[in-house]
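Observations on the three-dimensional arrangement
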Amino acid sequence: MASVATMCGWRVTYLTTRPFARRRLIRYYSKTIDVVEMIAVFQEMRKRGLFPDPCEYPSLIKAAGKSGVLFHSLLIKLGIDDEKYTRNVLIHAYGTYGPVESARHVFDEMPERSIADWNALIQEYWTCGCGGEAKKLFDLMPFKNVISWTTMVTGCSKMKDLETARSYFDQMPEKTVVSWNAMISGYAQNGYSEEALALFREMIDSGFHPDATTLVAVISSSSSNGDIKLVDVVLELIHEGKIHLNMYVKTALLDLYAKSGHLEMAQKIFDEMRSSKNPVTWNSMISAYLRAGKLNSAREVFNEMPNKDVISWNTMIAGYSQHGESLHAIKLFNEMIEKNVTPDEVTISSVLSACGHLGALDRGSSIVELIARSNIQLTQSCYNSLIFMYSRCGNIKKAQMIFSEMETRDVISYNVLMTAFASHGAATQALELLQRMKDEGIQPDRITYIGALTACSHSGFIEQGRKIFESIKAPDVDHYACVIDLLGRVGKLDEAKRMVDEMPMNPHAGVYGSLLSASRIHRRLDLGELAANKLFELEPENSGNYILLSNMYAYAGKWKMVDNIRELMKARGLTKASGFSWVEHEGKIHKFAAGDRSHKLVVEIYDKLKELREKMRVAGYVPDKSNAMRDVEDEDKEEMVGVHSEKLAIAFCLIVSEAGSVMRVMKNLRICWDCHDAMKMISKLEGREIIVRDNNRFHYFRDNFCSCNDYW
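Structural notes, computed from the coordinates. Please read these numbers as outputs of a predicted model, since none were measured by experiment.

As a further point, take the overall build of the protein. Secondary structure summary: the protein contains 39 helices and six strands in total. Counting every position in the protein, which comprises 712 residues, the buried fraction comes to 49%. Sequence separation of at least 24 residues holds for 61% of the intrachain contacts in the protein that already meet a minimum separation of 6. Approximately 34900 Å² of the protein is accessible, and the part contributed by carbon and sulfur atoms is 51%.

Another point: helix α10 (residues 146-158). Under the 1.5 Å per step criterion, the end-to-end length of α10 is 18 Å for 13 residues, consistent within 8% with the ideal 18 Å. Among the 13 residues that make up α10, ten are buried, leaving the element largely enclosed by the rest of the structure. Taken residue by residue, α10 has Val-146, Ser-148, Trp-149, Thr-150, Thr-151, Met-152, Val-153, Gly-155, Cys-156 and Ser-157 as its buried positions. The secondary structure elements touched by the buried residues of α10 are α8 (115-127), α9 (131-140), α11 (162-171) and α12 (177-189). Positive phi shows up at Lys-160, right after α10, with a value of about 65°.

The next thing to look at is the sheet that holds strand β4 (residues 690-693). Paired through their backbone hydrogen bonds, the strands of a sheet run either parallel or antiparallel. Taken in spatial order, the six strands line up as β2-β1-β3-β4-β5-β6 in an open sheet, and their pairing is mixed. Every other strand in the sheet has two partners, leaving β2 (588-593) and β6 (705-706) as the edge strands with one partner each. As paired strands, strand β3 (residues 663-667) and β4 are joined by four bridges and run parallel to one another. Of the residues in β4, the one forming a bridge with Met-663 is Ile-690. Against the sheet, helix α22 (residues 345-358) makes contact with β1 (580-585), β2, β3 and β4, and its axis sits at roughly 105° relative to β4, the strand it touches most.

Glancing now at the packing of α9 against α10. How two helices sit against one another is set out by the angle between their axes and by the gap between those axes. Look at α9 against α10: their axes get within 11 Å of each other, and the N-to-C directions meet at 160°. It follows that α9 is roughly antiparallel to α10 by the angle criterion. For α9 against α10, the interelement crossing comes out left-handed. Contacts between α9 and α10 pair Ala-134, Lys-135 and Phe-138 from the former with Ser-148, Trp-149, Met-152 and Cys-156 from the latter.

So, about helix α19 (residues 295-304). Within α19 the residues assigned to the buried category are Leu-295, Ala-298, Arg-299, Val-301 and Phe-302. Angular distribution of buried residues about the axis of α19 spans 160°; they occupy a single face of the element. Within α19, the exposed residues directed more than 90 degrees away from the buried face are Asn-296 and Glu-304. Elements that come into contact with the buried residues of α19 comprise α17 (263-273), α18 (279-291), α20 (310-322) and α21 (326-338).

Moving on, we come to the pattern of salt bridges. Side-chain pairs of opposite charge can arise where the charged atoms are in close proximity. On inspection of all chains with the given rule, the structure shows 27 salt bridges. Across the salt bridge formed by Glu-202 and Arg-166, the nearest N and O atoms sit 3.7 Å from each other. Remark: Arg-166 occurs in helix α11 and Glu-202 occurs in helix α13 (residues 193-205); sequence separation between them is 36 residues. Residue Glu-202 is classed as partly exposed on the basis of its relative accessible area, which comes to 35%. The partner of Lys-667 in a salt bridge is Glu-646, and the shortest N-O contact between them spans 3.2 Å. Here Glu-646 lies in helix α38 (residues 645-656) and Lys-667 lies in strand β3, a separation of 21 residues in the sequence.

Let us look at the side chain of His-676. Structurally, His-676 is set in helix α39 (residues 673-686). The buried category is assigned to His-676, whose relative accessible area is 0%. His-676 has contacts with Ile-671, His-699, Phe-701, Cys-706, Cys-708, Asp-710 and Trp-712, leaving out every residue within four places of it along the chain.

We now examine the environment of Gly-465. With respect to the helices and strands, the residue Gly-465 is situated in helix α29 (residues 462-471). On the basis of relative accessibility, which here comes to 0%, the residue Gly-465 falls in the buried class. Remark: the alpha-carbon pair of Gly-465 and Leu-453, spanning twelve residues in sequence, is separated by 5.7 Å. Setting aside anything within four residues of it in sequence, one finds Gly-465 in contact with Leu-453, Cys-456 and Leu-486.

With that settled, the discussion passes to the pairing of β1. In terms of residue burial, β1 counts as a mostly covered element, since five of its six residues are buried. Relative to β2, β1 runs antiparallel, the two sharing six bridges. Across the sheet, Phe-580 pairs through a bridge with Ala-593, a residue of β2. Linking β1 back to β2 in an antiparallel pair, the connection comprises two residues, with Glu-586 at a positive phi of about 50°. Sheet topology note: the β1/β3 ladder contains two bridges and is antiparallel. Residue pairing across strands places Trp-582 opposite Met-666, the latter belonging to β3.

Our focus in this paragraph is the pairing of β4. Of the two faces of β4, the one carrying Ile-690 and Val-692 and the one carrying Ile-691 and Arg-693 are both buried. In this region the chain leaves β3, passes through α39 and returns to the parallel neighbour β4; the handedness of that crossover is right-handed. With four bridges connecting them, β4 and strand β5 (residues 698-702) associate as antiparallel partners. Pairing of Ile-691 across the sheet is with Tyr-700, part of β5.

Criteria and cut-off values
- Residues numbered from 1 in each chain as written.
- Predicted model: local features only at pLDDT ≥ 70, side-chain atom pairs only at ≥ 80, totals over all residues.
- Heavy atoms only, no water.
- Helix = DSSP H or I, 4+ residues; strand = E, 2+ residues; numbered from the N terminus.
- Buried < 20%, exposed > 50% of the residue type's maximum accessible area, 1.4 Å probe, protein only.
- Contact = heavy atoms within 4.5 Å.
- Areas by Shrake-Rupley, 256 points an atom, 1.4 Å probe, with all protein chains shown as cover.
- Expected span 1.5 Å × (residues − 1).
- Pairing = 2+ DSSP bridges.
- Axes fitted to C-alpha atoms, helices over the stretch in contact; angles between N-to-C directions.
- Parallel < 35°, antiparallel > 145°, perpendicular 65-115°, else oblique.
- Left-handed = near helix turned anticlockwise from the far one by under 90°.
- Arc of directions from axis to C-beta.
- Salt bridge = Lys/Arg side-chain N within 4 Å of Asp/Glu carboxyl O.
- Right-handed = clockwise from strand over helix to strand, strands pointing away.

Structure, rendered in structure tokens:
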């Protein structure tokens with residue numbers, strides 16, 4: 001293949017023999033992006049004494065991109081730098097690629113300046129973020145046209161100064177559709193959807209006909225605030241043939257229908273776009289299904305997408321994570337890595353959160369190693385996700401270390417660690433963190449106080465909890481629920497009931513849920529019945545409330561009432577939520593249900609359980625058969641509690657893990673009394689630390705002791 005230099009020689013020789021072709025060659029290069037070859041051709045022309053006509057330099061400068069400013073010194077040498085079109089192009093070149101001061105120098109040396117020159121420099125000032133200089137130059141303009149005013153509106157909008165932008169817009173002596181678009185888009189792109197829609201109505205009332213750009217901004221604003229009423233106006237304009245329904249308008253419409261829950265219309269537009277679909281269109285459709293909770297449909301669209309960008313992967317991974325499908329999120333992340341797609345900070349944040357929800361510490365740690373190998377720059381959101389991941393996987397020390405290493409922390413950073421301390425029963429650290437937060441000048445929000453109050457509740461810090469609650473200027477219903485939970489846990493149920501009655505707002509399900517849980521712990525069947533009946537009204541589909549009341553009746557030996565609750569659940573089509581536990585081993589999640597015999601190591605697991613049961617019996621363990629919750633023989637009850645999911649998980653861990661290593665078990669429901677007692681004894685007998693995360697808190701078992709002090 002001929003070298004660039006050889007090809008340049010051929011083309012310049014051709015120009016030498018046919019001068020009329022020179023302009024055609026320059027026009028050709030002005031439409032290509034091969035800047036290197038173009039510069040090489042130009043240099044070869046100079047060697048042979050050939051120079052473009054002065055009127056041809058603007059095209060060369062534009063085509064050369066960043067290298068265009070190199071022509072400036074040559075133009076000065078040739079004495080043709082005062083050509084007005086050339087100077088205008090040089091202003092754009094210096095403004096775009098810098099330094100903008102050189103653009104101003106070119107402008108100042110112009111003997112005559114047209115409005116286009118003024119507008120060009122103002123535009124470049126806005127481009128490089130020099131809004132102050134743009135405003136000064138605008139004020140110096142002897143004459144202004146609609147482009148001048150519109151440039152100011154657009155520039156101020158990009159700098160998020162909507163008030164000044166609107167001031168320029170209102171002062172415009174005349175407006176065009178482009179002017180209206182600039183202001184409407186400014187509102188839409190900065191989150192002022194109501195203002196954008198109001199201005200759109202004003203535009204219609206003023207007799208202007210919107211174009212496609214207008215509609216994209218208006219539809220986006222309607223999508224942001226969930227207002228689809230203006231879609232009828234938009235569709236009417238389209239049907240009248242006044243607006244061409246291009247790809248951008250269709251994509252905006254699709255997004256609007258998707259966000260408003262009109263999936264059929266969104267899918268219809270998506271299907272009509274056929275080959276004109278771009279990544280934004282595909283991602284919008286994926287997001288639509290995820291927003292509606294239709295994960296399978298979202299995955300089908302994702303799988304069909306021909307060219308997935310990192311946003312596509314992020315959308316699907318985050319969708320899985322946010323809908324509780326953490327394992328699918330992690331698997332999809334693995335697939336992303338296998339396909340050599342480079343994750344960004346959004347990917348990392350989503351997959352770390354998924355690892356945290358799942359309790360997959362090994363997988364989370366491998367992602368941290370990937371971050372280090374790939375030199376991925378972590379944002380504050382990523383650091384917050386790291387804290388969340390480590391804390392939810394039971395490694396609170398590592399979570400604290402990440403928090404301490406952060407250069408800057410926001411309220412979310414504090415809230416994540418505060419919530420972690422609460423779930424780990426570390427009330428003292430939580431209260432110290434609250435004080436540190438205030439000392440560093442970060443204002444606690446409602447989530448902060450919920451975390452602090454929950455920490456007090458889990459540790460029985462009644463007085464500290466009261467002080468925190470009293471310090472909240474405007475406590476909401478969730479703060480009341482935390483205090484009621486705190487009072488209930490320490491046995492002050494009558495005071496908790498009085499607080500419920502005296503609340504300044506209507507109690508929600510969380511309030512009565514706290515009262516019901518406290519009634520279960522302290523065997524207050526009267527209050528339990530009251531709280532449960534309120535919950536049956538507030539959330540009739542939540543089977544957990546029925547089960548808790550049924551358990552209380554079972555504790556009291558009221559089996560007839562247990563049967564009544566079962567019949568009520570049956571009549572309402574409710575079933576008991578399945579309890580299960582899981583552990584991570586060698587990068588895989590092993591899941592167990594009560595009495596489960598599906599695992600490939602089922603024989604070894606049940607043999608280990610039998611061995612443990614005998615050891616525990618010798619050590620004085622007596623099964624708490626009340627946890628069987630059935631009116632059956634004692635021997636059957638003992639068998640039922642003996643094969644609860646967390647016991648199966650521990651037996652598996654003892655088989656596959658190294659002696660002396662920490663065993664981590666995750667459970668979707670609250671751990672029962674019998675399993676709690678068993679875990680304490682197993683930790684002593686086997687000389688192992690056991691960490692159990694149930695749906696309420698963490699339990700650290702070691703040497704026949706639990707970190708919760710039997711208080712959960």
